[in-house]
Amino acid sequence: MISKDSVRRLAALGAGLAMGATMVSGLVAAPAAAAGTGAVQAAKPKVSVSTPTASPKRYEGECPVKVTFSAKAKVKPTSSKTRVVYRWLHGDGSKSKAKSYTLKGKSTKTVTFKETATFKNDIKKNWQVLQVLSPRKVTSKKGYFSVSCEKELVLNPVEKPVEKRTWVKASVKVDRYTSCQSPVDAYGTIRVSKPAWVKYRWIRNGRVVDSGSVKVWDDRKVHYSFTPHGSQQGWVALEIVSPRHTDSDRAHYKVWCRPEATASARVTAPSSYQGSCPVDRVFNGTIAVNGTSTTVKYRWAGPGYRGSVESLYFARYSGAKHVSHTVTASDSGSVKRWIEILGPNHRSSNVAHTTVKCADAAVTASISSLSTAPNYETCALQSSPAVNVSAGITVTGATTLTYHWVINGATTSIPTTVVLDKAGVHPVTLGLTPTGPPTIAGDIQLVIIAPNADTETKPFTYTCPTA
């Protein structure tokens with residue numbers, strides 16, 4: 001029983017203690033019973049005690065408030081039964097009644113002892129000590145705590161004080177993320193029955209991580225965020241400290257850190273080529289992604305060449321896509337191409353190359369624009385018009401051109417040979433004399449003999465105009 005003198009000391013501290021020591025399940029072993037008279041007494045068990053902790057350790061809010069003290073005792077027994085006797089020592093000089101337990105087992109056990117006290121007034125600093133009396137007397141270090149009871153708030157001279165019947169509610173929701181680079185955001189809502197200044201704090205996984213004070217009329221949003229820095233899961237709650245202590249429900253979160261996406265590329269070249277130029281050569285590439293979904297930005301590149309930036313979206317965790325690139329080669333030589341990855345990471349593929357050998361093409365000649373036109377100046381003398389013939393012979397390179405004319409199916413001229421030093425159009429002409437009044441008619445044919453064979457025929461008929 002606590003003495004009257006102890007009660008007076010508690011009252012001076014403003015503490016109304018409701019000492020209800022609660023023991024959390026744990027196993028301890030008891031010391032061996034002493035042998036009869038003259039027997040050698042067994043060695044005492046080893047006992048160690050942790051420093052008590054208070055929950056809450058530093059309380060600020062509305063009173064009365066309950067504070068729970070807990071400490072752990074570790075016992076290494078020497079027999080199958082151990083009787084543990086303990087009590088709490090208080091900073092005001094009082095102490096609790098002694099309690100005892102008899103538990104079985106020879107293995108080392110750890111047991112947690114608790115005591116709850118109710119405080120109605122401020123306690124700037126006080127302490128609790130756990131003392132084990134048996135099987136060996138061991139006293140813990142002092143575990144300190146404090147209580148600060150909120151006074152009735154006066155908002156300002158023109159506002160009424162907050163009444164104790166004012167209620168405060170809190171709720172929390174959490175946005176869940178799967179990226180370790182994005183923060184986890186918790187959003188809280190504070191609601192009051194009448195306007196008040198509300199002091200609050202954020203609790204994450206049992207620890208105070210942030211706090212603040214806001215004026216609330218009806219409801220007010222508050223926010224807390226943190227960057228996970230690794231895969232994890234836990235909970236967040238919003239605790240209202242004043243004007244009336246209350247806690248929100250826990251909002252749970254889970255973060256899974258997937259590896260950041262990386263891209264790579266591989267290029268293959270077409271086979272070597274020999275033949276006429278220009279020629280198209282197609283390079284094939286494969287772009288692969290490992291990691292989260294992403295958009296890959298890339299471009300084709302080569303000696304003195306950078307293509308336009310293109311994009312590929314990968315929705316899956318990993319995969320590969322095919323791309324291609326066409327190069328038009330006009331000259332003999334080596335053609336090289338590779339792929340440059342510009343994002344999400346920077347990397348270049350292997351260099352793929354192929355060989356092009358442009359062969360000299362055979363020079364050809366072709367006829368174009370074969371036409372005839374009358375010359376009516378001969379009508380006055382020979383009563384029929386003359387005919388002027390013209391055409392163009394196109395050659396694809398330097399060559400010796402040989403051709404002749406055929407009139408009405410009969411070759412009427414010896415072959416003409418012309419040496420040309422470059423590609424282009426070579427014009428040719430022929431004049432036909434009148435054959436009888438008043439009309440001249442027939443067909444004219446231009447025949448190419450070399451460098452290759454080609455022919456074109458043009459019919460004609462012209463009559464001298466009457467006076």
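Residues numbered from 1 in each chain as written. Predicted model: local features only at pLDDT ≥ 70, side-chain atom pairs only at ≥ 80, totals over all residues. Heavy atoms only, no water.

Colleague: Outline the overall build of the protein, listing residues and values.
Modeller: Each helix and strand counted, the protein has two helices and 38 strands in total. The buried share among the 467 residues of the protein stands at 38%. When contacts within the protein are restricted to residue pairs at least 6 apart in sequence, long-range pairs at least 24 apart make up 66% of them. Accessible surface for the protein amounts to roughly 26200 Å². Of this, 51% is attributable to carbon and sulfur atoms. (Helix = DSSP H or I, 4+ residues; strand = E, 2+ residues; numbered from the N terminus. Buried < 20%, exposed > 50% of the residue type's maximum accessible area, 1.4 Å probe, protein only. Contact = heavy atoms within 4.5 Å. Areas by Shrake-Rupley, 256 points an atom, 1.4 Å probe, with all protein chains shown as cover.)

Colleague: How would you summarise the packing of aromatic side chains if you had to cite specific residues and measurements?
Modeller: Tallying each qualifying case throughout the model produces seven aromatic pairs. Centre to centre, the rings of Tyr224 and Phe226 are 5.9 Å apart; their planes meet at 25 degrees, and the pair counts as stacked. Taken together, the aromatic side chains of Trp202, Tyr224, Phe226 and Tyr253 make up a single cluster linked through ring pairs. The ring of Tyr144 has Lys125 lying over it, and the distance from NZ or CZ to the ring centre is 4.8 Å. The ring of Trp235 carries Arg250 above its face, with NZ or CZ at 3.8 Å from the centroid. (Phe/Tyr/Trp six-rings, centres within 6.5 Å; stacked < 30°, edge-to-face > 60°. Lys NZ or Arg CZ within 6 Å of the ring centre and 35° of its normal.)

Colleague: Any details on the environment of Ser248? Residues and values, ideally.
Modeller: With respect to the helices and strands, the residue Ser248 is situated in the loop between strand E19 (246-247) and strand E20 (251-255). Residue classification places Ser248 among the buried residues on the basis of a relative accessible area of 9%. In this structure the C-alpha to C-alpha distance between Ser248 and Ile190, which are 58 residues apart in sequence, comes to 9.4 Å.

Colleague: I'd love a proper account of the pairing of strand E33 (residues 399-407), names of residues and values included.
Modeller: Burial of E33 is extensive: eight of the nine residues sit out of reach of the surface. As judged from the five bridges shared by E33 and strand E35 (residues 416-420), these two strands associate in the antiparallel manner. Looking across to E35, one finds that Thr402 is bridged to Thr417. Here E33 runs beside strand E37 (residues 439-450); their pairing, made up of six bridges, is antiparallel. By the bridge assignment for E37, Trp405 is matched with Leu446. Bridging between E33 and strand E34 (residues 410-411) involves two bridges; their strand directions are antiparallel. (Pairing = 2+ DSSP bridges.)

Colleague: How would you summarise unusual backbone geometry if you had to cite specific residues and measurements?
Modeller: Trans is the common state for peptide bonds, and a negative phi is the common state for residues other than glycine. Put simply, Ser134 and Pro135 share a cis peptide bond, and its omega is 15 degrees. Residue position: Pro135 is located in the loop between strand E10 (123-134) and strand E11 (138-139). For the bond from Ala450 to Pro451, the omega torsion is 15 degrees, close enough to zero to count as cis. Turning to its location among the elements, Pro451 is positioned in the loop between E37 and strand E38 (454-463). The phi torsion at Ser369 lies on the positive side, around 60 degrees, for a residue other than glycine. Relative to the assigned elements, Ser369 resides in strand E31 (residues 365-375). With a phi close to 50 degrees, Asn408 is a non-glycine residue in the positive phi region. Residue position: Asn408 is located in the loop between E33 and E34.

Colleague: Just give me the short version of the state of the cysteines, but keep the residues and values in it.
Modeller: Counted according to the given criterion, the structure contains three disulfides. In this model, Cys277 is linked to Cys358 through a disulfide, with the two sulfur atoms separated by 1.8 Å. Given an S-S torsion of about -90 degrees, the disulfide between Cys277 and Cys358 has left-handed geometry. Taken as a pair, Cys277 in the loop between strand E22 (273-275) and strand E23 (279-290) and Cys358 in strand E30 (residues 352-358) lie far apart in primary sequence, 81 residues in all. The class of Cys358 is partly exposed, set by a relative accessible area of 21%. (Disulfide = S-S within 2.5 Å.)

Colleague: Please give an account of the environment of Cys379 that cites residues and values.
Modeller: Tracing the chain through its elements places Cys379 in helix H2 (residues 379-382). Accessibility expressed as a relative area gives 15% for Cys379, which makes it buried. Each C-alpha atom of the pair Cys379 and Thr439 lies 9.6 Å from the other, and the pair is 60 residues apart in sequence. Apart from residues no more than four positions distant in its own chain, Cys379 is found in contact with Ser384, Pro385, Cys464 and Pro465.

Colleague: Describe the nonpolar core, with residues and values.
Modeller: Ranked by size, the top nonpolar core spans 25 residues in total, and within it Phe69, Phe113, Phe119 and Val147 carry the most contacts. If you list the elements that add at least two residues to this core, you get strand E3 (46-49), strand E6 (65-76), strand E7 (81-90), strand E9 (109-119), E10 and strand E12 (143-149). For this core, the element with the most residues is E6, which contributes six residues. Counting 22 residues, the second-largest nonpolar core is a separate cluster that includes Ile367, Ile393, Ile448 and Phe460. (Core = buried A, V, L, I, M, F, W, Y, C linked by side-chain atoms within 4.5 Å.)

Colleague: Outline a positive patch on the surface, listing residues and values.
Modeller: Among the surface-exposed residues, Lys44, Lys46, Lys76 and Arg136 lie close enough to one another that they form a single positively charged patch. Assignment of secondary structure puts Lys46 in strand E3. (Patch = residues over 30% accessible without salt bridge, like charges linked within 9 Å, V, L, I, M, F, W, Y side chains within 5 Å. Salt bridge = Lys/Arg side-chain N within 4 Å of Asp/Glu carboxyl O. Lys, Arg positive; Asp, Glu negative; His and termini not counted. Charge placed at Lys NZ, Arg CZ, Asp CG, Glu CD.)

Colleague: Help me get a handle on the sheet that holds strand E32 (residues 386-395), residues and values and all.
Modeller: An order of E31-E32-E36 is seen for the three strands of this open sheet, with the pairing classed as antiparallel. Of all the strands in the sheet, just E31 and strand E36 (424-432) have a single pairing partner and so form its edges. Each neighbouring strand pair of the sheet contributes to a mean axis angle of 15 degrees, computed without reference to strand direction. For E31 and E32, the ladder comprises nine bridges, and the chain directions are antiparallel. What sits directly across from Ser368, in E32, is Gly392. (Axes fitted to C-alpha atoms, helices over the stretch in contact; angles between N-to-C directions.)

Colleague: Tell me about the pairing of E37, and please be specific about residues and values.
Modeller: Relative to E38, E37 runs antiparallel, the two sharing 10 bridges. Looking at the pairing, Ala441 lines up with Thr461 of E38. Counting the residues that bridge the hairpin from E37 to E38 gives three residues.

Colleague: Go over the pattern of salt bridges, please, and point to the residues and values.
Modeller: Summed over the entire model, instances satisfying the criterion amount to three salt bridges. A salt bridge links Glu239 to Arg201, with the nearest nitrogen and oxygen atoms 2.8 Å apart. Here Glu239, found in strand E18 (residues 232-242), pairs with Arg201, found in strand E15 (residues 196-204); they are 38 residues apart in sequence, far enough to count as distant. For Arg306, the salt bridge goes to Glu340, with nearest N and O atoms at 3.2 Å. Here the residue Arg306 occupies a position in strand E25 (residues 305-306), and Glu340 occupies one in strand E28 (residues 333-343), the gap between them amounting to 34 residues.

That's the geometry; what it means functionally is another story.
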